[in-house]
Amino acid sequence: MLPEISYPSNTLDSNQLTQLFFKMLKPRLIEEKMLILLRQGRISKWFSGIGQEAISVGVTSCLFPDEYVLPMHRNLGVFTTKEVPLHRLFSQWQGKKSGFTKGRDRSFHFGTQEYKIIGMISHLGPQLGVADGIALAHQFRKEKKITAVFTGEGGTSEGDFHEALNIASVWDLPVLFCIENNGYGLSTPTAEQYRCENLADRGAGYGIESHIIDGNNIIEVYTKVNEIAESMRENPRPVLIEFKTFRMRGHEEASGTKYVPQELMDFWEKKDPIENFKKYLLSEGILTEEKITHQEDLIRAEISAHLKMADDEEVISSTVENEIKDVYQHFNFTPTLPKTSQKEEVRFIDAISQGLKQSMQRHENLILMGQDVADYGGVFKITEGFLEEFGRERIKNTPICESGIVSTAMGLSINGVKSVVELQFSDFVSSGFNPIVNYLAKVHYRWNQNADVVLRMPCGAGVGAGPFHSQTNEAWFTKTPGLKVVYPAFPYDAKGLMATAIEDPNPVLFFEHKALYRSIRQEVPVDYYSLPFGKAAQLRKGDKISIITYGAGVHWAIEVLNKNSHIHADLLDLRSLQPLDKEAIFNSVKKTGKVIILQEDSLFGGIASDISAMISEECFEYLDAPVKRVGSLETPIPFSKNLEDQYLAKAEFETELEKLIVY
Ligand SMILES: Cc1ncc(C[n+]2csc(CCOP(=O)(O)OP(=O)(O)O)c2C)c(N)n1
């Protein structure tokens, strides 16, 4: 029988053809085994890539061992082509120790630096921006390497797809964007997913070269991608490829394919990439039935042996301490003291700018990204002059695409480059929320990869800027394990904590209150220095009441205390919220017996509530009054001055403080 697919001739030698066939055979035979195990209830979920092997195998075969590939849930062939030992894959799927996530994440949701494979998070799209970041790191180090990333056609409807292609285009990043168009996104057919004829047509809209390739034809996939990859290494640029293929099984095994018309199934079954290639190789006399059977036996034996290794491995166990320890990469903070005693009085904003600049001088592998940060110096002018000193490779204006840039920062970290991202206003972080809380925050716990990223968050009200330029949204992040949250109130702290945020290999959200930028001044060392996270500052000592606050709240409290010298208060400026200086909080409350916690954010669900709960649990016997929380109104932040003043917790704070004193 002749193949349904017509193969280009004279392009590859027999050995290459045989190798490609064997490479496709392996994931197919593993899957066949997995389907049996699934029916026996020995594995939980399975996303089949049967019928799509030519794409995973073909693309991965074109990459050098030190080039990264970012696969999705149907790309088993990427892992086998990169020669990941099967027992490690099986252990991963069984949640065992020899897997890649210590039982913490399932299926293909992991990365491995050893094999240069960076797996997905469930949200699909962020993967594409991460590829941009990996490619940017190669570009930064002037390495001629490409990065390949996969998405399904369903994933192309996510904003992340648009953002990642756009970023790659404006920065000429050598990313090979591979769309596997397999007809369905779960049960949704392509006609309900997009309306252009081919997804490759979208390339033009981003100014990106694009190609359509028959994804079931291994020779076409391999030869065309190889040619494109070689040309991308020489002439770095993104390329979009749409592979036409079909999903032969359900979205995942349990969900079936009832909604797929039988004719479609029949049509594509005839185009099976392995059966067709086999027929071709037999008809050309390149392989014999015996050789194929022999190879199948070898693969099946390998599968059995490795499955046994995984089966024999004991069920994973851990301790609470161990689980908590792995949320963050260990960071051995050693304070850097200023070289000289020279000091100068600077504004809050200048201190941040100095902290950033001196870190840029100190860390040659640090990139700063953000909207308008280069020539314009950022909307607050914090990075003014940076472009001249550090150049365009390190000071990067970004398109308006927060999600894509946060993902890019993640990719930079994966490929060894530190970054600081300026969110123009902290309010806009909502557009980059997903990669922060799902990728950056969880990546170390999941597969031991750190996210060496600082997100600068100009925040806060009191500047008449209305609902979308005034929020202080630290509580969106303090509740997410894996993130660090810093919130200085003074120039000295801001400069020293910025240095630490950049030294720390974990993701740090650095809140900068805009109302403090130009109103607060302080003497600050001229040289570089760093300050520890998780240490509150005791600004006033008193024994009648504890005031616990941070950010602008610190200055509101100082104002009230300056007016009311009869109030003998301990005033704690938390400086960092995650980690939180619980010891300083408890010590103060135990001394005074009364505590008021002030936050600028609306009260409900803010950090004041958690601090209050901790005090109730730890210091109950020491309390002489109920713990008082003060926050702003439960409304969006209004624009008009009178309304904003009424919204803010500042006025209420004074009243509540007086009440608590006399309780
Ligand atoms: C943000 C997000 N929305 C929805 C889902 C649920 N989901 C997982 S895979 C999938 C279909 C993806 O289709 P496609 O990108 O075409 O890839 P395929 O599964 O066909 O390979 C959906 C809807 C998800 N994981 N993440």
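Further up the page is the structure itself.
What you are looking at is a predicted structure, and each value in this text was computed from that prediction instead of being measured.

(A) Structural detail: the site of the ligand. Neighbouring the ligand are 14 residues; His73, Arg74, Ser122, Gly154 and Gly155 lie closest to it. For the ligand, an oxygen atom lies 2.7 Å from a polar atom in the backbone of Gly154. In the environment of the ligand, an oxygen atom lies 2.8 Å from a nitrogen or oxygen atom belonging to the backbone of Gly155. Counted by class, the shell around the ligand contains 2 nonpolar, 9 polar and 3 charged residues.

(B) Spotlight on the pattern of salt bridges. Taken as a whole and assessed by the stated rule, the structure comprises 35 salt bridges. With a shortest N-O distance of 3.2 Å, Asp326 and Lys325 are connected by a salt bridge. Judged by relative accessible area, which is 6%, Asp326 ranks as buried. Residue Lys325 is classed as exposed on the basis of its relative accessible area, which comes to 52%. Connected through shared salt-bridge partners, Lys102, Arg104, Glu323, Lys325 and Asp326 make up one network.

(C) Summary view of the sheet that holds strand β13 (residues 418-422). Spatially, β12-β11-β13-β14-β16-β15-β21 is the arrangement adopted by the 7 strands of the open sheet, whose pairing is mixed. If you trace the sheet from one side to the other, it starts and ends with β12 (395-397) and β21 (576-578), each paired once. Within this sheet the neighbouring strands show an average axis-to-axis angle of 20°, counted without direction. Looking at chain direction, strand β11 (residues 366-370) and β12 are connected through 3 bridges and run parallel. If you follow Gly370 over to β12, its bridge partner there is Asn397. Here helix α13 (residues 348-362) sits on the sheet and contacts β11, β12, β13, β14 (453-459) and β16 (508-513); the angle it forms with β11, its principal contact strand, is near 135°. Where helix α15 (residues 402-414) meets the sheet, it contacts β11, β13 and β14, and its direction lies at approximately 175° from that of β11.

(D) Expanded view of the packing of aromatic side chains. What the rule picks out here adds up to 29 aromatic pairs. Judged by centre distance (4.9 Å) and plane angle (80°), the ring pair of Trp46 and Trp93 falls under edge-to-face. On the criterion of sequence distance, the pair formed by Trp46 in the loop between α1 (14-39) and α2 (53-61) and Trp93 in helix α4 (residues 86-93) is long-range, its members being 47 residues apart. Exposure class is identical for Trp46 and Trp93. Each is buried. Measuring from ring centre to ring centre gives 5.7 Å for Tyr184 and Tyr259, while their planes differ by 50°; the resulting arrangement is tilted. Of this pair, Tyr184 sits in strand β6 (residues 184-185) while Tyr259 sits in the loop between β9 (239-244) and α9 (262-269); the two residues are 75 residues apart in sequence, bridging distant segments of the chain. Looking at Tyr184, the relative accessible area reads 9%, which means it is buried. Accessibility expressed as a relative area gives 30% for Tyr259, which makes it partly exposed. One aromatic cluster in this structure is built from Trp46, Phe79, Phe90, Trp93, Phe100, Phe108 and Phe110. Taking the ring centre of Trp268 as reference, the NZ or CZ of Lys271 above it sits at 5.8 Å. Note that Lys396 overlies the ring of Trp171, its terminal NZ or CZ placed 4.7 Å from the centroid.

(E) Geometry of the environment of Asp570. Among the structural elements, Asp570 can be located in strand β20 (residues 569-573). C-alpha of Asp570 to C-alpha of Val595: the two residues are 25 residues apart in sequence and 9.2 Å apart in space. A polar atom in the side chain of Asp570 sits 2.9 Å from the side chain of Lys591.

(F) Representation of the layout of surface pockets within the structure. The computed volume of the largest pocket comes to approximately 410 Å³. Lining the largest pocket we find 25 residues, and of these His73, Arg74, Leu124, Leu186 and His251 sit closest to its centre. Looking at the lining of the largest pocket, the elements with two or more residues in it are β4 (147-152) and β6. Considering only residue class, the lining of the largest pocket consists of 6 nonpolar, 15 polar and 4 charged.

Basis of the calculations
- Residues numbered from 1 in each chain as written.
- Predicted model: local features only at pLDDT ≥ 70, side-chain atom pairs only at ≥ 80, totals over all residues.
- Heavy atoms only, no water.
- Near = heavy atom within 4 Å.
- Polar contact = N/O pair within 3.5 Å; in protein donor to acceptor, adjacent residues only side chain to side chain.
- Nonpolar A, V, L, I, M, F, W, Y, C, P; charged D, E, K, R; others polar.
- Salt bridge = Lys/Arg side-chain N within 4 Å of Asp/Glu carboxyl O.
- Buried < 20%, exposed > 50% of the residue type's maximum accessible area, 1.4 Å probe, protein only.
- Pairing = 2+ DSSP bridges.
- Helix = DSSP H or I, 4+ residues; strand = E, 2+ residues; numbered from the N terminus.
- Axes fitted to C-alpha atoms, helices over the stretch in contact; angles between N-to-C directions.
- Contact = heavy atoms within 4.5 Å.
- Phe/Tyr/Trp six-rings, centres within 6.5 Å; stacked < 30°, edge-to-face > 60°.
- Lys NZ or Arg CZ within 6 Å of the ring centre and 35° of its normal.
- 1 Å grid on protein atoms, 1.4 Å probe; cavity = no way out; pocket = protein on both sides within 12 Å on 5 of 7 lines; lining within 4 Å.
- Points joined across faces, edges and corners; volume = space filled by probe spheres on them.

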